[in-house]
Amino acid sequence: MTMADRSPRTVADLMSSPVVTASPEEKVAEAAARMRAHRVGSVVAVDGDRPVGILTERDLVRIAAAGADTGTVTVREWMTPDPDTVGPDVAATTAFASLAERGYRHIPVVTDGRLVGIVSMRDLMRVAQIQPADRLAHEVPKGLEGVVVAETTVGDVRGLEGFYHYRQYSAVELAETRSLEDTWYLLFRGDLPDRAAAEAFRAEIAPLREVPAPVAELLPELARRAPQAVPLDLLRTTVSMLAAIEGFRPSLDADRTELERQALRVCAVVPTLLCATWRLQHGLEPVPPDGTLGYAANYLAMLHGRVPAPEHARAIEQYLISTIDHGFNASTFTARVIASTGADLGAAVVGAIGALSGPLHGGAPSRALQMLDEIGTPERAEAWLREAVARGERLMGFGHRVYKTDDPRSVMLRGVAERLGGPKVAFAKQVERTAVQVLAEMKPGRRLYTNVEFYAGVVMDTCGVPREMFTPTFASSRVIGWCAHVLEQAADNRLIRPSARYVGPPPPQPVPPRDETGSQPGGAGS
Ligand SMILES: CC(C)(COP(=O)(O)OP(=O)(O)OC[C@H]1O[C@@H](n2cnc3c(N)ncnc32)[C@H](O)[C@@H]1OP(=O)(O)O)[C@@H](O)C(=O)NCCC(=O)NCCS
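Definitions and limits used
Residues numbered from 1 in each chain as written. Predicted model: local features only at pLDDT ≥ 70, side-chain atom pairs only at ≥ 80, totals over all residues. Heavy atoms only, no water. Helix = DSSP H or I, 4+ residues; strand = E, 2+ residues; numbered from the N terminus. Buried < 20%, exposed > 50% of the residue type's maximum accessible area, 1.4 Å probe, protein only. Contact = heavy atoms within 4.5 Å. Areas by Shrake-Rupley, 256 points an atom, 1.4 Å probe, with all protein chains shown as cover. Lys, Arg positive; Asp, Glu negative; His and termini not counted. Charge placed at Lys NZ, Arg CZ, Asp CG, Glu CD. Core = buried A, V, L, I, M, F, W, Y, C linked by side-chain atoms within 4.5 Å. Pairing = 2+ DSSP bridges. Patch = residues over 30% accessible without salt bridge, like charges linked within 9 Å, V, L, I, M, F, W, Y side chains within 5 Å. Salt bridge = Lys/Arg side-chain N within 4 Å of Asp/Glu carboxyl O. Expected span 1.5 Å × (residues − 1). Phe/Tyr/Trp six-rings, centres within 6.5 Å; stacked < 30°, edge-to-face > 60°. Right-handed = clockwise from strand over helix to strand, strands pointing away. 1 Å grid on protein atoms, 1.4 Å probe; cavity = no way out; pocket = protein on both sides within 12 Å on 5 of 7 lines; lining within 4 Å. Points joined across faces, edges and corners; volume = space filled by probe spheres on them. Nonpolar A, V, L, I, M, F, W, Y, C, P; charged D, E, K, R; others polar.

**Observations concerning the overall build of the chain**
Looking only at helices and strands, one finds 26 helices and 9 strands in the chain. Each principal axis of the C-alpha atoms in the chain carries an extent, and together these give about 75 × 75 × 55 Å. Taken across its 526 residues, the chain has 48% of its residues classed as buried. Taking the intrachain contacts of the chain between residues at least 6 apart in sequence as the baseline, contacts between residues at least 24 apart amount to 71%. Element-wise, carbon and sulfur atoms account for 53% of the exposed surface of the chain, whose accessible area totals about 25400 Å². When the 57 basic and 64 acidic side-chain charges of the chain are each reduced to a single mean position, those positions are 2 Å apart.

**Some remarks on the nonpolar core**
Within the largest apolar cluster, 108 residues are counted, with the highest numbers of intra-cluster contacts made by Trp184, Phe188, Leu385 and Leu395. Counting residues per element, this core draws most heavily on helix α15 (residues 256-281), at 14 residues.

**Remarks on the sheet that holds strand β8 (residues 163-166)**
If you walk across this open sheet you meet the 3 strands as β7-β8-β9, and the pairing is antiparallel. Across the chains shown, the open sheet's two edge strands, defined by having one partner strand only, are β7 (155-158) and β9 (169-170). Sheet topology note: the β7/β8 ladder contains 4 bridges and is antiparallel. When the sheet's bridge partners are listed, Val157 is paired in β8 with Tyr164.

**Looking at a nonpolar patch on the surface**
Together, Leu144, Val149 and Phe328 line one region of the surface with nonpolar side chains, adding up to about 220 Å² of accessible area. As for its placement among the helices and strands, Phe328 is situated in the loop between α17 (310-322) and α18 (330-340). By relative accessible area, Phe328 is classed as partly exposed at 31%.

**Notes on unusual backbone geometry**
The linkage connecting Ser17 with the following residue, Pro18, adopts the cis geometry, with an omega of 0 degrees. By the secondary structure assignment, Pro18 is in the loop between α2 (11-14) and β1 (21-22). Across the junction of Pro507 and Pro508, the peptide omega takes the value -5 degrees, indicating a cis bond. Assignment of secondary structure puts Pro508 in the segment after α26 (470-491). A positive phi is found at Arg39, a non-glycine position, where the angle reads about 50 degrees. Tracing the backbone shows Arg39 in the loop between α3 (28-37) and β2 (42-47). Given the relative accessible area of 78%, Arg39 is considered exposed. In this model, Leu144 sits at a positive phi of 60 degrees, which is unusual for a non-glycine residue.

**Notes on the environment of Asp82**
Structurally, Asp82 can be placed in the loop between β4 (80-81) and α6 (92-102). Once the C-alpha coordinates of Asp82 and Pro51 are considered, the two residues, 31 residues apart in sequence, prove to be 7.4 Å apart. If near-sequence neighbours (up to four positions away) are discounted, Asp82 is found in contact with Val52 and Gly53.

**Quick word on helix α14 (residues 231-245)**
For α14, spanning 15 residues, the distance from its first C-alpha to its last is 21 Å, which sits close to the expected 21 Å at 1.5 Å a residue. Along α14, the positions that sit buried rather than exposed are Pro231, Leu232, Leu234, Leu235, Thr238, Val239, Met241, Leu242 and Ala243. In this structure, the buried side of α14 is in contact with α12 (213-216), α13 (219-225), α15, α19 (345-356) and α26. Gly247, located one to two residues past α14, shows a positive phi value of around 65 degrees.

**Some remarks on the packing of aromatic side chains**
For the structure on display, the rule yields 8 aromatic pairs. On the numbers, 5.3 Å between centres and 90 degrees between planes, the contact of Tyr185 with Phe201 is edge-to-face. Here Tyr185 is found in helix α10 (residues 180-189), whereas its partner Phe201 is found in helix α11 (residues 195-205), with 16 residues between them in sequence. These aromatic residues form a ring-pair network of at least three members: Trp184, Tyr185, Phe188, Phe201 and Tyr295.

**Considerations on the pattern of salt bridges**
Counted under the stated rule, the structure contains 25 salt bridges. Of the charged contacts, one joins Arg202 and Glu181 as a salt bridge, the two residues approaching to 3.6 Å between their closest N and O atoms. Of the two residues, Arg202 is situated in helix α11 and Glu181 in helix α10; the sequence distance between them amounts to 21 residues. Here Glu246 makes a salt bridge to Arg265, at a shortest N to O gap of 2.8 Å.

**A short note on the pairing of β2**
For β2, the tally of buried residues reaches 5 of 6 residues, placing the bulk of the element in the interior. When β1 meets β2, the two strands line up parallel, connected through 2 bridges. Bridging from a neighbouring strand, Thr21 pairs with Val44 of β2. Once you follow β1 into α3 and on to β2, the crossover reads as right-handed.

**Looking at the layout of surface pockets**
If you add up the space inside the second largest pocket, you get close to 410 Å³. Ile54, Thr56, Arg58, Thr80 and Tyr104 are the residues nearest the centre of the second largest pocket, which is lined by 23 residues in total. Put simply, the parts of the chain that give the lining of the second largest pocket at least two residues each are β3 (50-56), α4 (57-65), β4 and β5 (106-111). The dominant element in the lining of the second largest pocket, judged by the number of residues it contributes, is α4, at 4 residues. Across the lining of the second largest pocket, the residue classes break down as 9 nonpolar, 5 polar and 9 charged.

In structure tokens:
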């Protein structure tokens, strides 16, 4: 008997029963208490034994975010009514694919309209993990959307609620109240520093911002030989040089202390490498890092050659905090895959930069700004936006794969932009309002709102960051997230090695006889 034969096959084998239920008229606080007592992530609202709704942990967060009083609002007001259900005889893999596709975490199990159990994504994942690869390959959606591939304590994104967090804290709240260094500390060390720890951390990082001499000597030559290279490509190259010159060892051979030292080094020096190569490409001398300045002020100083206005430094700092981590995005996944091979931390970061450099990931904050330029004046906005959507074009800075409500980063950055003020900000707000209305009307039901890129571009532009440095600036803080994930992967590693479904001509086909006039095995041209 194979492992797959022994494994449970249907929803009935995996579901939990009896189900923790609630009455739709019950107060949310009572239902939430029951959820906690039974340590479950949802309650099913029932009328007799018929499921009429589901209330999940996500709903509790939405309720808290809306400032509603759980002691007075009822389950009916916040539950998802008429939830999708599944039959007990459905194959576990089919149920898994359906949950993953729809983004549910729990689904009630129903026979003849009666609630008989509940099954969670986590239950189904257990089966998926022990299915033979060829079976699983049919079930996993293309692009791995919704598939859980690892466990993490770094952070998470809850798209439907418009919420994301680092460790146990709201990322937006961290951006509003803490420094980048504190947030960096949180991601590397697991908790927020007290004053003494924060000062010690700043002192530890300051000297690590310096580019080591053997790398610094190569930078002018690199900028001269690759005048057309974009800043992220230069960063990919210079991080690789740094890791090689400083002799980063395979992560498999390094302990946590050594890996964390390398991670601090890379995160501290990335802004210096970015600014130095950008200045060299523009015929300017690199500006050395200033250990007395905070992360963002130092970044702007190295870019412009002068200490920035405090409100600009703080605005950029808030942007950088908000972009440190964002779920299992393509570059973070890349970093973890490379770390899982035991390769050195430099290799993981270089790979992640490569993934981020792709237009589908690194995004287009400069394109959102370009759109504002093209619109030009407020009175042209509506006609311009309508015509663009009618032509089937995408409005830059709107829509998101995960967020189907306001992107929390855009909400925060709108506030940052408002604080900075200026004509571009007022114009952007007006375009945003108009675009959201136009999209709601012309793309009904698609739930398209502003994404992080829209106000990121406005904020960076207002603070004088050149457009070609928008995505690299994003990379300079995302490297902290990548490294936190590499440290986590290395601490509890298993090689990430999925499978592919072969769809070519059926093998084995006979190898055609060698063409006598062609190349010889082992000879030139083989
Ligand atoms: C971010 C993005 C790629 C997410 O796309 P997605 O989740 O794959 O969404 P889809 O491509 O399935 O789009 C769903 C529908 O909304 C429409 N839509 C999505 N974003 C849109 C936008 N910015 N402007 C106009 N229509 C948009 C699509 O045309 C599609 O309409 P259809 O059903 O009539 O074909 C997409 O919203 C986009 O291209 N935005 C503009 C570029 C951008 O801002 N990128 C930065 C992202 S951080």
